[in-house]
Protein chains: 2
Amino acid sequence: MTTAPLSPTARTTVTRGRNRMVEDRAELHRFLDEALVAHVGVVVGDHPIVLPTAFAVDLDGPDEGGSLYVHGSVAAGWLRQAVGATVCVTVTEVDGLVAARSAFNHSMNYRSAVVLGRARLVEDPAEREHALDLVVDHMVPGRSATLRPSTRKELAATAVLAVPLREASMKARAGGPVDEPEDVAAGVWGGVVPLRLTSSGPVAGEDSHDRVPHDVARRAASYAAE
Amino acid sequence: MTTAPLSPTARTTVTRGRNRMVEDRAELHRFLDEALVAHVGVVVGDHPIVLPTAFAVDLDGPDEGGSLYVHGSVAAGWLRQAVGATVCVTVTEVDGLVAARSAFNHSMNYRSAVVLGRARLVEDPAEREHALDLVVDHMVPGRSATLRPSTRKELAATAVLAVPLREASMKARAGGPVDEPEDVAAGVWGGVVPLRLTSSGPVAGEDSHDRVPHDVARRAASYAAE
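Residues numbered from 1 in each chain as written. Chains lettered and ligands numbered in written order. Predicted model: local features only at pLDDT ≥ 70, side-chain atom pairs only at ≥ 80, totals over all residues. Heavy atoms only, no water.

Here the focus is the overall build of chain A. The helix and strand inventory of chain A stands at 6 helices and 12 strands. The principal-axis extent of the C-alpha atoms belonging to chain A is close to 65 × 50 × 35 Å. Out of the 226 residues belonging to chain A, those deemed buried represent 53%. For chain A, the proportion of contacts with a sequence separation of at least 24, taken over those separated by at least 6, is 72%. Accessible surface for chain A amounts to roughly 9800 Å². Of this, 53% is attributable to carbon and sulfur atoms. The averaged location of the 29 negative side-chain charges in chain A is 2 Å from the averaged location of its 23 positive side-chain charges. (Helix = DSSP H or I, 4+ residues; strand = E, 2+ residues; numbered from the N terminus. Buried < 20%, exposed > 50% of the residue type's maximum accessible area, 1.4 Å probe, protein only. Contact = heavy atoms within 4.5 Å. Areas by Shrake-Rupley, 256 points an atom, 1.4 Å probe, with all protein chains shown as cover. Lys, Arg positive; Asp, Glu negative; His and termini not counted. Charge placed at Lys NZ, Arg CZ, Asp CG, Glu CD.)

As for its position among the elements, His106(B) is in the loop between strand 5 (86-99) and strand 6 (107-118). In terms of polar contacts, His106(B) uses its side chain to reach the backbone carbonyl oxygen of Ser102(B), at 2.8 Å. The contact partners of His106(B), leaving out residues within four places of it in the chain, are Val136(A), Met139(A), Arg143(A), Leu147(A), Val98(B), Ala99(B) and Ala100(B). (Polar contact = N/O pair within 3.5 Å; in protein donor to acceptor, adjacent residues only side chain to side chain.)

Turning our attention to the interface of chain B and chain A. Tallying the contact residues gives 81 residues for chain B and 81 residues for chain A. Counting each side, the surface lost to burial between chain B and chain A is near 6800 Å², with a carbon and sulfur contribution of 67%. Linking chain B to chain A there are 4 salt bridges. Taking the shortest distance from any N to any O, the salt bridge between Arg101(B) and Asp207(A) comes out at 3.1 Å. Put simply, chain B and chain A have 30 residue pairs in polar contact (both at pLDDT 80 or more) between them. When residues in the side of chain B that touches chain A are grouped by element, the largest group, 8 residues, is from strand 5 of chain B. Along the lines of polarity and charge, the residues of the side of chain B that touches chain A split into 44 nonpolar, 23 polar and 14 charged. Note: strand 10 (residues 191-194) of chain A against strand 12 (residues 203-204) of chain B, 2 bridges, orientation antiparallel. Across the sheet, Gly191(A) pairs through a bridge with Ala204(B), a residue of strand 12 of chain B. (Buried area = accessible area lost by both parts, 1.4 Å probe. Salt bridge = Lys/Arg side-chain N within 4 Å of Asp/Glu carboxyl O. Nonpolar A, V, L, I, M, F, W, Y, C, P; charged D, E, K, R; others polar. Pairing = 2+ DSSP bridges.)

The two copies are related by a screw motion: chain B maps onto chain A through a turn of 180° and a shift of 0.0 Å along the axis, at an RMSD of 0.0 Å. Such a combination of turn and shift is consistent with a two-fold rotation axis. Of every C-alpha in chain B, the one belonging to Leu197(B) sits nearest the axis of rotation, 2.1 Å from it. (Least-squares fit on C-alpha atoms with pLDDT ≥ 70 in both.)

Let's shift gears to the pattern of salt bridges. Under the defined criterion, the tally for this structure stands at 22 salt bridges over all chains. As a salt-bridge pair, Arg111(B) and Glu34(B) come within 3.2 Å of each other at their nearest N and O atoms. On the criterion of sequence distance, the pair formed by Arg111(B) in strand 6 and Glu34(B) in helix 1 (residues 25-34) is long-range, its members being 77 residues apart. Owing to a relative accessible area of 18%, Arg111(B) belongs among the buried residues under this scheme. A residue is classified by how much of its surface remains accessible, and Glu34(B), at 44% relative accessible area, is partly exposed. Between Arg143(B) and Asp215(B) there is a salt bridge whose closest N-O contact spans 3.7 Å. Note that Arg143(B) is positioned in the loop between helix 3 (125-139) and helix 4 (152-156) and Asp215(B) in helix 6 (residues 214-222), a separation of 72 residues in sequence. Judged on exposure class, the residue Arg143(B) and its partner Asp215(B) are both buried. Look at the salt bridges and you will find they share partners, linking Glu34(A), Asp95(A) and Arg111(A) into a network.

Residue and element names in this part refer to chain B. Every buried residue of helix 1 is listed here: Arg25, Leu28, His29, Phe31 and Leu32. Summarising the axial view, the buried residues of helix 1 lie within an arc of 165°, below the 170-degree limit, and thus occupy one face. Opposite the buried face of helix 1, by more than 90 degrees, sit the exposed residues Arg30 and Asp33. Where the residues of helix 1 are buried, they touch strand 3 (47-58), strand 5, strand 6, helix 3 and strand 9 (168-173). One side-chain oxygen at the N-terminal end of helix 1 lies 2.9 Å from the backbone nitrogen of Ala26; it belongs to Asp24. (Arc of directions from axis to C-beta.)

Here the focus is the pairing of strand 9 of chain B. Sheet faces and side chains relate simply in a regular strand, where the side chains alternate between the two faces. Residue and element names in this part refer to chain B. Two elements, strand 1 (residues 21-22) and strand 9, share 2 bridges in a ladder whose sense is antiparallel. Its bridge partner being in strand 9, Met21 is matched across the sheet by Lys171. Here strand 6 runs beside strand 9; their pairing, made up of 6 bridges, is antiparallel. Note that in strand 9 the partner of Val115 across the bridge is Ala168.

Pasting the structure below:
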């Protein structure tokens, strides 16, 4: 597991808004643990394609800096294009709308990580099963241990890609608007509409009994409104 | 304004999970109106870069199918790379965690739109100002009309790109898990943890008075917990 500070390469150096750059690798890890969706960018022919996907991180994975795993159907075109190529995995959570006194200073509060790396097709069966468990546990911590093992057919239908976490950068914005002094003096209101993902609680499927398991209940509680 | 149904090209045809494909262009428009962040994919050298950004849509914009606008600093490298190139703009909102009876059937509820098109640098001053107003109003509807006009310096610091909305596809998943009959019969719980962005209400900046304007109050109310 890498505990070195984030030291982006030229490709991942934050050039705009350097004051928003996060340099603590532990903060990147915490953020990737919390965020739900990754946007994976792959070059297909002469253009990029960006698709949302579930993901998981294994800091003890075999790739430099740890392994970021994404998975998809073996029939998915973007996944085949990605194998062996450099991909960009970007993870973003919105934390608020920043209503400034001028259009120019409007912004959002957010956290965002950008990971660039060569995508490796995970072929080792043990690593593949572990990665898929991690993806499930990323959604609902602890859940994979409560489920039956995946069948050979299910495993054969799923491709897993690993991207090294080494080449990564992170930006974050928090707090209120930063306005021009004359706009503040003019007495216009400025502030933030904080935003957070929340859940109204688990909903049992129509074909399910209603004794919500502890792992799911805990996960829903972690999204409870304040 | 285009009201034609979504008719993706080969590049945007949904090949995986066709049952999740949305074919109604009005639904795409509603979704883009509601979602807050776009992930823009640009090819830089031999690799893609994916960055989160605010955006707005003008269905009456000059591009085919309407115009999707993103903006950034004129100094941003990705933005310069994007001008004249085909970019991919992907917008995703997570609506829930789908806790199925097997790892394989775990999923998320979501809506996601993928727009592919040649990025045009918006040079006409009137279109540029209109696009920037739309980006502010996309965050807080009605707000741009309450703010002072942008200064020449502010406008000069901001680049605006337009992407035609014509070549777009949308996918959505909703509802409970879809499990194997034998897993349902085994009596394992299956269900959903619904997720929604919510706000605890506007927070005035430290340098601001606390009379929250109507537009901001309305926007925060649209994110009120149920």
